[in-house]
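Here is how the chains run, residue by residue.
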Amino acid sequence: MSAAVRPHVDRERCIGAGMCAVTAPEVFDQDDDGLVVLLDAAPDAARLTAARMAAGVCPSGAITLGGPASGGSPQDRPPAV
């Protein structure tokens, strides 16, 4: 696992498409309202690869990868839809 790269979620941006939970079920889930829930904030290398894929398929850009305290940076996020 890379100590510098971690997944971050923005539940305000999440539209509940569920692609994250399908792509990386060990890292992401959905709550009762369908919004993203981060299950593993420090995934190992295999799970981090899946988290990267989930970030890539997230239609709202609610998942970002960044440093441990960064929360993702606004510049790295796609525009809201």
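For the structure, check the block above.
What you see is a predicted model; the values in this text were computed from it and never measured.

1. Quick notes on the state of the cysteines
Applying the stated criterion to the full structure yields 0 disulfides. The cysteine Cys 14 is free of any disulfide, with Cys 20 supplying the nearest cysteine sulfur at 6.2 Å. Judged by relative accessible area, which is 8%, Cys 20 ranks as buried.

2. Some thoughts on the pattern of salt bridges
Under the criterion given, the structure shown has 2 salt bridges. Note that Arg 11 and Asp 31 form a salt bridge whose closest N and O atoms lie 2.6 Å from each other. Placement of the pair is Arg 11 in the loop between β1 (6-9) and α1 (19-23) and Asp 31 in the loop between β2 (28-30) and β3 (36-38), with a sequence separation of 20 residues. Looking at Arg 11, the relative accessible area reads 36%, which means it is partly exposed. The residue Asp 40 makes a salt bridge to Arg 47 at a minimum N-O spacing of 3.3 Å. Look at Asp 40 and you get buried, because its relative accessible area is 15%.

3. Here we look at the nonpolar core
Ranked by size, the top nonpolar core spans 13 residues in total, and within it Cys 20, Ala 24, Val 27, Phe 28, Val 36, Ala 54 and Ile 63 carry the most contacts. The biggest single contributor to this core is helix α2 (residues 45-57), with 4 residues. With residues up to four places along the chain from it excluded, the contact list for Ile 63 reads His 8, Val 9, Cys 20, Phe 28, Ala 54, Ala 55 and Cys 58.

4. Some points on α2
If you check α2, its first and last C-alpha atoms are 19 Å apart, about what 13 residues at 1.5 Å a residue would give, namely 18 Å. Three or more residues of α2 are buried, namely Leu 48, Ala 50, Ala 51, Ala 54 and Ala 55. Taken end-on, α2 shows its buried residues confined to a sector of 160 degrees, consistent with a single buried face. In α2, the exposed positions angled more than 90 degrees off the buried face are occupied by Ala 46, Met 53 and Gly 56.

5. Points about the side chain of His 8
Residue placement: His 8 occurs in strand β1. Look at His 8 and you get buried, because its relative accessible area is 12%. A polar contact is formed between the side chain of His 8 and the backbone oxygen of Arg 6, at a distance of 3.4 Å.

Thresholds applied
- Residues numbered from 1 in each chain as written.
- Predicted model: local features only at pLDDT ≥ 70, side-chain atom pairs only at ≥ 80, totals over all residues.
- Heavy atoms only, no water.
- Disulfide = S-S within 2.5 Å.
- Buried < 20%, exposed > 50% of the residue type's maximum accessible area, 1.4 Å probe, protein only.
- Salt bridge = Lys/Arg side-chain N within 4 Å of Asp/Glu carboxyl O.
- Helix = DSSP H or I, 4+ residues; strand = E, 2+ residues; numbered from the N terminus.
- Core = buried A, V, L, I, M, F, W, Y, C linked by side-chain atoms within 4.5 Å.
- Contact = heavy atoms within 4.5 Å.
- Expected span 1.5 Å × (residues − 1).
- Arc of directions from axis to C-beta.
- Polar contact = N/O pair within 3.5 Å; in protein donor to acceptor, adjacent residues only side chain to side chain.

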